[in-house]
Structure formats: structure tokens, C-alpha cells
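# Overview (structure and organization)
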Amino acid sequence: MACYDAALSYAKSRIQLTGRSRRTQLVQAKLVMMLTEITKGQLLCLQLGRLKDQKKETFAQVSLAKRNNVYHALEIARSARDILGANGILDEYPVMRHMANLESVKTYEGTHDIHTLILGHDITGIPAYTTA
């Protein structure tokens, strides 16, 4: 959300964006994608929380949420960096700090690939991550 908020605020305040329809359209498309994925991720977590409250959640559902939300959070941070241009890497904006944090989450919370294997096993019943 912080990356989205920074990108939205920056885009709305930049004089260069007003009056340039193609660039404005591209920025708006990125903001729409960001908000869409944030909303979908929030709904996924809400449903997972409801299942957890009912003690009905599975490891595969947790992997699905982690895999999806970390992936899209990184994409959102990258889009925010694009919208901010050269300012996207400066300390005065939160984007690069969040990108670094998300890279560490991708690693210590279980990589995208490991969650993919967990989900593949759940879907097919075949554990592809074991050795013969």
C-alpha cells in the first residue's frame, strides 16, 4: 500500500504528467493494476483468515496466499519505482526500502518456487520435491 500511495501521490503532483495523454494513460494503467492486485491480495488474506478462524485452512492455501501476495507486492513496488522515475530509488520515498524488504520475504518466507511445488503437489497429488 505504501508503494501504491507514494506512486499515486507522486503521479498526481507531477506537472510533467498533466497534458501528456499517452504517458498519463500508462501511469493510470499501472496504478489500476497496482490497486487491483492489492485488493485481490487483501481479499485472499481475508478469506484465509476466515478459514484459519474456523480451523479449516491448509498448508496449500497458506502457500497460495504467500506466493501470490509476495509476487504481486514486488510487481507493485517495481511499478511504483517506474512511476517515480529516477526518484524511485531515493531514500525520501519508501519504494526501494519496501522492495528490499519484499526480496527478503520472498527468501525467508519460502521462495516462489517452493510454494509452487507445494501447490503442484496439492493439485496433482504428486510430490515433485522429494528425491527417489
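Structure report, in brief. Being a predicted model, the structure only gives us computed values, none of them experimental. (Residues numbered from 1 in each chain as written. Predicted model: local features only at pLDDT ≥ 70, side-chain atom pairs only at ≥ 80, totals over all residues. Heavy atoms only, no water.)

### A few points about the overall build of the protein chain
- When you go through the protein chain residue by residue, the secondary structure sums to five helices and zero strands.
- When the helices and strands of the protein chain are listed from N to C terminus, the series reads α-α-α-α-α.
- In terms of C-alpha radius of gyration, the protein chain reaches 18 Å, well past the compact-globule figure of 14 Å for 132 residues.
- Put simply, the protein chain has 132 residues, and 25% of those count as buried.
- The contacts of the protein chain with a sequence gap of at least 6 include a subset with a gap of at least 24, amounting to 65%.
- In the structure as shown, the protein chain presents an accessible area of about 8,900 Å², 58% of it carried by carbon and sulfur atoms.
- Put simply, the protein chain has 17 plus and 12 minus side-chain charges, and the middle of one group is 6 Å from the middle of the other. (Helix = DSSP H or I, 4+ residues; strand = E, 2+ residues; numbered from the N terminus. Rg over C-alpha atoms; globule rule 2.2 N^0.38 Å. Buried < 20%, exposed > 50% of the residue type's maximum accessible area, 1.4 Å probe, protein only. Contact = heavy atoms within 4.5 Å. Areas by Shrake-Rupley, 256 points an atom, 1.4 Å probe, with all protein chains shown as cover. Lys, Arg positive; Asp, Glu negative; His and termini not counted. Charge placed at Lys NZ, Arg CZ, Asp CG, Glu CD.)

### Considerations on helix α3 (residues 59-84)
- The end-to-end C-alpha separation of α3 is 37 Å, in line with the 38 Å expected for 26 residues at 1.5 Å each.
- Among all positions of α3, only Ala60, Ser63, Ala65, Val70, His72, Leu74, Ile76, Ala77, Ser79, Ala80, Ile83 and Leu84 are buried.
- Trailing α3 by a residue or two, glycine 85 shows a phi angle of about 60°, which is positive. (Expected span 1.5 Å × (residues − 1).)

### A word on the pattern of salt bridges
- Going through the model one piece at a time under the given rule, you end up with six salt bridges.
- Here aspartate 82 makes a salt bridge to lysine 30, at a shortest N to O gap of 3.6 Å. Of this pair, aspartate 82 sits in helix α3 while lysine 30 sits in helix α2 (residues 21-53), placing them 52 residues apart in sequence.
- Residue aspartate 82 is classed as partly exposed on the basis of its relative accessible area of 41%.
- By relative accessible area, which is 29% here, lysine 30 ends up partly exposed.
- Between arginine 78 and glutamate 75 there is a salt bridge, with its nearest N and O atoms 2.9 Å apart. (Salt bridge = Lys/Arg side-chain N within 4 Å of Asp/Glu carboxyl O.)

### A closer look at the side chain of serine 79
- Position of serine 79 relative to the elements: it lies in helix α3.
- Excluding its chain neighbours within four sequence positions, the residues that come into contact with serine 79 are Lys30, Met33 and Met34.

### Examining the packing of α3 against helix α4 (residues 95-108)
- The interhelical angle for the contact between α3 and α4, taken along N-to-C directions, is 160°, at an axis separation of 9 Å. Regarding the angle of α3 to α4, the classification is roughly antiparallel. Like other packed secondary-structure pairs, α3 and α4 cross with a definite hand, here left-handed. Contacts between α3 and α4 involve Val70, Ala73, Leu74, Ala77, Arg78, Ala80, Arg81 and Leu84 on the former and, on the latter, Val95, Met96, Met99, Leu102, Glu103, Val105 and Lys106. (Axes fitted to C-alpha atoms, helices over the stretch in contact; angles between N-to-C directions. Parallel < 35°, antiparallel > 145°, perpendicular 65-115°, else oblique. Left-handed = near helix turned anticlockwise from the far one by under 90°.)

### Concerning the environment of arginine 50
- Residue position: arginine 50 is located in helix α2.
- With 73 residues separating them along the chain, arginine 50 and isoleucine 123 place their C-alpha atoms 22 Å apart.

### Here we look at the nonpolar core
- Core analysis: the biggest nonpolar cluster contains 20 residues, and Ala7, Leu31, Met34, Ile83 and Val95 have the highest contact counts within it.
- Listed by contribution, the elements that provide at least two residues to this core are α1 (2-13), α2, α3 and α4.
- For this core, the element with the highest residue contribution is α3, accounting for seven residues. (Core = buried A, V, L, I, M, F, W, Y, C linked by side-chain atoms within 4.5 Å.)

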